[in-house]
Each structure stands twice: as structure tokens, then as C-alpha cells.
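Chain by chain, the residues run as shown.
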Amino acid sequence: MTKKIVTIETAAALLKSGEVVAMPTETVYGLAGWINSDEGLRKIFSTKERPFFDPLIVHVSDIVKARTLSSDWTDIHEILGLALWPGPLTLITKKITSLNPLITSGLDSVGIRVPRHPVAIELLKYIEGGLAAPSANKFGKTSPTTSDHVYQEFGEEVAILEGGQSDVGIESTVVGVSGKKVEIYRPGQITASKISEILKQAGLKDVEVTYAQSPVAPGQLKHHYMPKIPLVIVSERFDQKDLPLIEQRLGSSFSRPVLWKQDQDPLIASRELYEKMRSFDEEGYDLILSVKEAHQSSEDWMGIWNRLGKAKSLEL
Ligand code: TXA
Ligand code: MG
């Protein structure tokens, strides 16, 4: 068995015929389907074993195409799109009525982004409209940041466009806009402070930018990104003698725990995050002890600890 790597031309032809193709982006690899193909969209859900209540993000080659999918493109959308695209930002906007409801899970809004990866941008130029693409993993599992990860997830079933290792490593920041309020539904590399600063510089001084508390978006479930072995979040004070407490709480014993500290640079830590999460069980460990350092409560680390928080079995 080998990876089914295809060219951009083949990928475009497959997508137009109603197939799904794994596409590299700067955040994680996506499982793409053409937004104008009902068959392709259905195949995304069946391949991922994803429930229909979880809406998909539409990827387009530029802001001009983004505007055509929206029926209420505001100044805030325009300013953030111009400043941060191509890049790891998804903007939620009121959708045009003709969009297939499979994309939006029946909501009247749609999430749109322009990815920064050259292969994705090139592919999108061949595609009228855009590509719906969730992360290319089975529902609830760890997102892929290399073509090998995609292959481990789906085997030869899914054609893959090669694009090397994803640079950002965690999924895009998802942003909702309502009047003068901007709400971050999913934290990522682009922070609320960054968004706030851009809006202020553009002259919009009274916009409030906040992080959403509980899951506003369907799909933002508590358990997600789960590795194959349990992950426990511990503080810097963790001591091996606390292991029995974890064993008792999880109801099993562990013989090969690994202590996992993040790189001090959040850009590197996020790039390595999912790769490391996958590698621990391949290396024969049976428990991940993920150390959260005090300084990592800052905003730059929010995306990383949001994902680890959803991947965890327990937090001490
Ligand atoms: O970085 C990314 O965003 C990656 C790459 C492939 O682009 N994609 C990704 O897609 O993470 P996915 O399906 O794993 O996550 C999409 C999430 C949904 O679970 C939901 O929380 C939010 O985006 N979303 C999409 N459309 C929405 C909408 N109309 N309203 C609110 N949230 C929405
Ligand atoms: Mg996902």
C-alpha cells in the first residue's frame, strides 16, 4: 500500500467529478469537496464519519470570491480579510441562499477562508466557487499536518496533494461578526488582540473583540483531537508520586508514561503539536503527561491549550 499522491490538475478533475481530495493548507490538511457538488459534499461527511450538524469551512482563492458567497459582507469582514488573508483566519458571514445547506448544517451563515499554502491557492484557482474542507481526519481524532498523517487516517481511499508539513499546525481562528461585536469561536494563531489592533488601525475604534465562552458553533464539542493513548494535563509541580492518583481516576495502570513539555516558542509548539501527539503512542508510551507551564496561560498559547484541553482525558 502506498500513498495516492496526485497532481493539481488531477485533483481538480477528481473534485469536479464529485470526489474528495486531501489538500495541504498552512494550518492542517483539509479533506476537500467542491461546493457545487452535492456528491462531493456528502463524501466529506461519509469519509470522515462526521455528523451533519458540524458545518464546513469554504476555502476560496481570494477575497473577491469570498464576497460572492456572502449576503452581508460588512466593513469588519473587509478589513480583516484584507489584513489577514491569505492566512489562518475563518470569517463567519451571512450566506447567500444558493449555497448547499450541507456546507452550513442548515445555518444561515457560512465560514470562509483564504488559505496561505501555495498548493491550495493554485488548486483553488482551477475551482469555480470554492472548496469545502474540514480537517482530513476521522471525526473527533487528531488533525493531520503531513500527507503521511492523512494516509494513516484514510489509506489509499483518498487522493492526496503533497504540500509538506503544515506551518501553523493548528486550525484557523474562527471569527463571528455581529454588529459591532467580534467573537472568537475557536482560538488559533491569530489572537483577539491582533484582530482588535487591526480594526483600531483601520479606524473602527468601538468594536468589541471577545472569546466565546461555551460552544456557540456546532462542532465545537468538548472531546475532540483525541490521541490513541490518554492525555493528562498536569502543572509544573507534577511529581511521579502523583501517578497512582491518575491511575485511580482513569481506572487503569500505566507502565510507560511520557512527560511532555512544549517548546518555549508558541509558533514552534503549535507546529509540532499534532505530530507529537501522534508520535507518543507509536513510540510505545501508554500515557501522555502534558505539562502546562504558568506563563502558557497568555493569549499566544490559547489555541494550543484549547486543543490540548479537548484532547485530554483528565486535568490535575
Ligand atoms: O484551519 C482550518 O480551519 C482547517 C483547514 C482545513 O482549513 N479546517 C477546519 O475545519 O478546521 P473543521 O471542519 O475541522 O472545523 C470547522 C469549524 C466547525 O466545527 C465550526 O466550529 C466552525 O468551523 N464553523 C464553520 N462554519 C460555521 C458557521 N457557519 N458558524 C459557526 N461556526 C462555524
Ligand atoms: Mg477538525
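Here, every reference points to the structure presented above.
Just so you know, these numbers come straight off a predicted model, no measurement behind them.

A. Region of the structure containing the pattern of salt bridges. Considering all chains together, one arrives at 18 salt bridges under this definition. For the salt bridge of Arg42 with Asp38, the shortest nitrogen-to-oxygen distance reads 2.9 Å. Placement of both Arg42 and Asp38 in helix α2 (residues 38–48) is noted, with a separation of four residues, approximately one turn of the helix. The class of Arg42 is partly exposed, set by a relative accessible area of 43%. A residue is classified by how much of its surface remains accessible, and Asp38, at 35% relative accessible area, is partly exposed. Residue Arg116 pairs with Asp167 through a salt bridge whose shortest N-O separation is 3.5 Å. Note that Arg116 is positioned in the loop between β5 (109–113) and α6 (118–125) and Asp167 in the loop between β7 (159–160) and β8 (173–178), a separation of 51 residues in sequence. Classification of Arg116 as partly exposed rests on a relative accessible area of 36%. You can call Asp167 partly exposed: its relative accessible area is 38%. Each of Lys3, Asp148 and Glu162 takes part in salt bridges that share partners, so that together they form one network.

B. Region of interest: the environment of Phe53. Turning to its location among the elements, Phe53 is positioned in the loop between α2 and β3 (57–59). The exposure class assigned to Phe53 is partly exposed, which follows from its relative accessible area of 44%. A sequence separation of 53 residues divides Phe53 from Gly106, and the C-alpha atoms of the two residues are 8.1 Å apart.

C. Structural view of the site of ligand 1. Near ligand 1 you find 27 residues, and of these Thr27, Arg50, Asp54, His59 and Ser172 are the closest. In the environment of ligand 1, an oxygen atom lies 2.9 Å from a nitrogen or oxygen atom belonging to the side chain of Arg50. Between ligand 1 and His59, the relevant distance is 2.6 Å, taken from an oxygen atom to a side-chain nitrogen or oxygen of the residue. When the free accessible area of ligand 1 is taken as 680 Å², the share hidden by the protein chains comes to 96%. When contributions to the shell around ligand 1 are tallied by element, the ones reaching two or more residues are β3, β5 and β9 (181–186). If one sorts the elements of the shell around ligand 1 by residue count, β5 sits on top with four residues.

D. Here's a closer look at the packing of helix α10 (residues 266–282) against helix α11 (residues 302–311). With their axes 10 Å apart at the nearest point, α10 and α11 run at an angle of 25 degrees to one another. Relative to α11, the element α10 is oriented roughly parallel. The chirality of how α10 crosses α11 is left-handed. For the pair α10 and α11, contact is made by Pro266, Ala269, Ser270, Leu273, Tyr274 and Met277 and by Ile304, Arg307, Leu308 and Ala311, respectively. Its residues assigned to classes, the contact of α10 with α11 comprises eight nonpolar, one polar and one charged.

E. Up close: the nonpolar core. Membership of the largest hydrophobic core comes to 47 residues, with the highest contact counts inside it found for Leu80, Trp85, Leu89, Ile195 and Leu199. Discounting chain neighbours no more than four positions away, the residues touching Leu89 are Leu80, Leu84, Ile112, Arg113, Ser172, Thr173, Val175, Ile190 and Ile195. Formed by 20 residues, the second largest nonpolar core is a distinct cluster that contains Val28, Tyr225, Trp260 and Leu273.

F. Looking closely at the packing of helix α1 (residues 8–16) against α6. Two elements in contact, α1 and α6, have axes whose closest approach is 10 Å; the angle formed by their N-to-C orientations is 50 degrees. One element, α1, and the other, α6, form an angle in the oblique class. When you trace α1 past α6, the crossing you get is right-handed. Contact with α1, carried on its side by Ile8, Ala11, Ala12 and Leu15, involves Val119, Glu122 and Leu123 of α6 and no other residues of that element. Split into classes, the residues belonging to the contact of α1 with α6 amount to six nonpolar, no polar and one charged.

Reading the values: the criteria
Within every chain, residues take consecutive numbers counted from 1 along the sequence as written. Each chain takes a letter, starting from A, and each ligand takes a number, starting from 1, following the order in which they are written. Local features in a predicted model are, by the rule used here, given only for residues with pLDDT of at least 70; side-chain atom pairs are given and counted only at 80 or more, and totals for whole chains, interfaces and linings are based on all residues. Processing note: side-chain calculations cover all non-hydrogen atoms of the structure and skip hydrogens and water entirely. Salt bridges are identified by distance alone: a Lys or Arg side-chain nitrogen within 4 Å of an Asp or Glu carboxyl oxygen. The helix count covers DSSP runs of H or I at least four residues long, the strand count covers runs of E at least two residues long, and both are numbered beginning at the N terminus. Three labels apply to residues, based on accessible area from a 1.4 Å probe with only protein chains included: buried if under 20% of the type maximum, exposed if over 50%, partly exposed otherwise in between. Any residue with a heavy atom positioned within 4 Å of a molecule or strand is treated as near that molecule or strand. Think of a polar contact as two N or O atoms within 3.5 Å of one another; within protein, one of them needs to be a possible hydrogen donor and the other a possible acceptor, and neighboring residues in sequence only count if both atoms come from side chains. Every accessible area reported is derived by Shrake-Rupley at a probe size of 1.4 Å, with residue values counting cover from the shown protein chains alone. The axes used here are C-alpha line fits, helices contributing only the stretch in contact, and every angle between their N-to-C directions lies in the interval 0 to 180 degrees. By definition in this entry, angles of less than 35 degrees are roughly parallel, angles greater than 145 are roughly antiparallel, angles of 65 to 115 are roughly perpendicular, and the rest are oblique. Helix crossings fall into two classes, left-handed where the near helix is turned counterclockwise from the far one by less than a right angle and right-handed where it is turned clockwise. Here a residue-residue contact requires only that any non-hydrogen atoms of the pair lie within 4.5 Å. For this classification, Asp, Glu, Lys and Arg are treated as charged, while Ala, Val, Leu, Ile, Met, Phe, Trp, Tyr, Cys and Pro are nonpolar and the rest, including Gly, are polar. Note on terminology: a nonpolar core comprises buried Ala, Val, Leu, Ile, Met, Phe, Trp, Tyr and Cys residues joined through side-chain atoms within 4.5 Å.

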